[in-house]
Amino acid sequence: MTPNVDAHVRLDTHVAHPSAVTAVLTGAQAHIALLGLEAAEWTVVADNTLVLACIDHEEPHWAKEAAEHLRAEGIAVEITPRLQEAMDGEWTWSDYPMSWSTLSEIREVSNEAQKIHDDIRHGHLLIHAHAHDGHTTVAVGTYLHPSGKSVYLHGENHLRQVADTFDSPAAALLAFERIHAATMRPGPAPMTDAERAAADARAPLTGTAAEPPPTRPEPQTVPAYLADPGDHDALLDAFIDSHGEWQKWRTWSDDTTHATHESQTLRIERVHEADRHGAAWTVAAYETPVSDRMWHLTATGTTPAPVLQALLHHLAAGDAWDTSIGSPVTEKTVTAATQPLTDAGWEHAVDGRWIRWTNPSGDAGIRFDAFAAHQPNSTLTTWTLWSGPSIDNPTWTVTASPYTPSSLLADLSDTLAHDTGTRQAQPASRKHETRLAASGPATPAVTAGPAASRSR
């Protein structure tokens, strides 16, 4: 028959739920096909897109019947090859309790169970209580319209049947409680796997075409002190791989990695899961492999990659441990350590025992503690490199002890003053606004209509 309705229906298996069937409608009169499919319990999930999802996995059979009805109405129907294959296949339930039943009889039982399921989800059949009788789920409920009959339900999914009827909810509940008082629970039973899968398949789609993922902004070039931390573990691995005089070894815990120079006088400790403000890196120098520590430096896990790269580059140069024991910090060493900041025009200020160098924007700096510098056995920090809202609320810090080589500190100062790095741009956040909606009229009570027929 030549289609005389300007509508086209494409039937296919559901991408995420293979037993379900989708229908995509096109044409100026697509609404005619839509009304017919809705009447047969197909669910609208998007504009001109419907889904048939059943609890008996018989969707291909009912989709085939729907296609015949649509064609009889003069509507063009296209069936994809994979759905056609499912339609043409014959199968039987394994361990079906009524093994003597023919396939058509099994479908008749399943169809009645589907109608019960649809009546419940549409609110036509109100379930008062459920229980487990030792073999399966049983329930008691009442049809709100048109019969008003109360029913005793036995079974789950495609095997659920009306086992008895009652003239009133009270009579039904009394009978149900008399038999199932020990396991009786109010309301409907939790959804079965089959019911949940069908509900998921009927969930509204966000659109017929997937929206492309948002484009990630290109990284921004920023001063080194504002750069992203990057992958600190990868930085350490690359450093060791490219410098054969360094060897890596792990402790009994996978939380920490150590790297040691072949001289055994310079060591790196990398704590992989350090606290945000804790020491994720510790560099320590020794006069001999068995002597006390000469100096040490720490860095937090949020330290920018360019700063760490400058540190590692200096360690690779081989002169980071050349400070002799006992050499006091002098005005000359302080000047040498901070000369790059002075040359870059960073603000210099003295505040009691502290000397500060701060960049013009006030979000990065170096602080020198003159008191701590002359307390070699103290735990006080002599040098603090930082960036963030303030030195008291930093995004990252690098700290160093009194005898940390001025050449190393000068390299780090130069990095802060002149080097750049990259930072991933953050998308602008949306401003959340709370709006008070005007109160509208109460929704009027609606009398439930008759249950839709499952004639597909």
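As the structure is a computational prediction, the values presented were derived from the model and not from experiment.

Asks: Tell me about the pattern of salt bridges, residues and numbers included.
Replies: Evaluated as defined, the whole model comprises 14 salt bridges. Measuring nitrogen to oxygen at the nearest pair gives 3.4 Å for the salt bridge that ties Arg121 to Glu41. Taken as a pair, Arg121 in helix α4 (residues 103–121) and Glu41 in the loop between α1 (30–39) and β3 (43–46) lie far apart in primary sequence, 80 residues in all. Its relative accessible area of 32% is what places Arg121 among the partly exposed residues. Glu41 gets classed as buried once you look at its relative accessible area, which sits at 7%. Of the charged contacts in the structure, one is a salt bridge between Arg356 and Asp351, with a shortest N-O distance of 3.1 Å. Here Asp351 falls in the partly exposed class, since its relative accessible area comes to 41%. The network of salt bridges with common partners includes Arg10, Asp12, Glu78 and Arg82.

Asks: Talk me through the sheet that holds strand β6 (residues 125–132); I want residue IDs and the actual numbers.
Replies: Here five strands make up an open sheet; going across it, the order is β9-β8-β7-β6-β10 and the pairing antiparallel. If you trace the sheet from one side to the other, it starts and ends with β9 (161–166) and β10 (185–186), each paired once. With five bridges connecting them, strand β8 (residues 150–154) and β9 associate as antiparallel partners. Across the sheet, Val151 pairs through a bridge with Thr165, a residue of β9. In the packing of α4 onto the sheet, contacts are made with β6, β7 (137–143), β8 and β9, and the angle to β6 comes to roughly 115°.

Asks: For the pairing of strand β19 (residues 364–369), give the residues involved together with the corresponding values.
Replies: A large share of β19 lies buried, amounting to five of its six residues. Relative to β19, strand β18 (residues 354–358) runs antiparallel, the two sharing five bridges. Within β19, the position partnered with Arg356 by the bridge is Arg367. In this structure, the hairpin formed by β18 and β19 is closed by a connection of five residues, where Gly362 is found at a positive phi of approximately 75°. Sheet topology note: the β19/strand β20 (residues 383–387) ladder contains five bridges and is antiparallel. Bridge assignment links Ile366 to a residue of β20, and that residue is Leu385.

Asks: Can you break down the packing of helix α2 (residues 59–72) against helix α3 (residues 81–88) residue by residue, with the values?
Replies: Between two packed helices, both the angle of their axes relative to each other and the distance between the axes serve to describe the pair. Between α2 and α3, the least distance of the axes is 8 Å, while the angle of their chain directions is 105°. Judged by the inter-axis angle, α2 sits roughly perpendicular to α3. Contact with α2, carried on its side by Pro60, Ala63 and Lys64, involves Leu83, Ala86 and Met87 of α3 and no other residues of that element. Residue composition of the contact of α2 with α3, by class: five nonpolar, no polar and one charged.

Asks: Tell me about α2, and please be specific about residues and values.
Replies: Relative to the 20 Å expected for 14 residues at 1.5 Å per residue, α2 spans 20 Å between its end C-alpha atoms, a close match to the ideal helical length. Considered for burial, the residues of α2 that qualify are Glu59, Pro60, Trp62, Ala63, Ala66, Ala67 and Leu70. The buried side chains of α2 occupy one side of the element, clustering within an arc of 160° when seen end-on.

Quick notes on the rules
- Residues numbered from 1 in each chain as written.
- Predicted model: local features only at pLDDT ≥ 70, side-chain atom pairs only at ≥ 80, totals over all residues.
- Heavy atoms only, no water.
- Salt bridge = Lys/Arg side-chain N within 4 Å of Asp/Glu carboxyl O.
- Helix = DSSP H or I, 4+ residues; strand = E, 2+ residues; numbered from the N terminus.
- Buried < 20%, exposed > 50% of the residue type's maximum accessible area, 1.4 Å probe, protein only.
- Pairing = 2+ DSSP bridges.
- Contact = heavy atoms within 4.5 Å.
- Axes fitted to C-alpha atoms, helices over the stretch in contact; angles between N-to-C directions.
- Parallel < 35°, antiparallel > 145°, perpendicular 65-115°, else oblique.
- Nonpolar A, V, L, I, M, F, W, Y, C, P; charged D, E, K, R; others polar.
- Expected span 1.5 Å × (residues − 1).
- Arc of directions from axis to C-beta.

The quantities given are spatial measurements derived from coordinates; they are silent on function.
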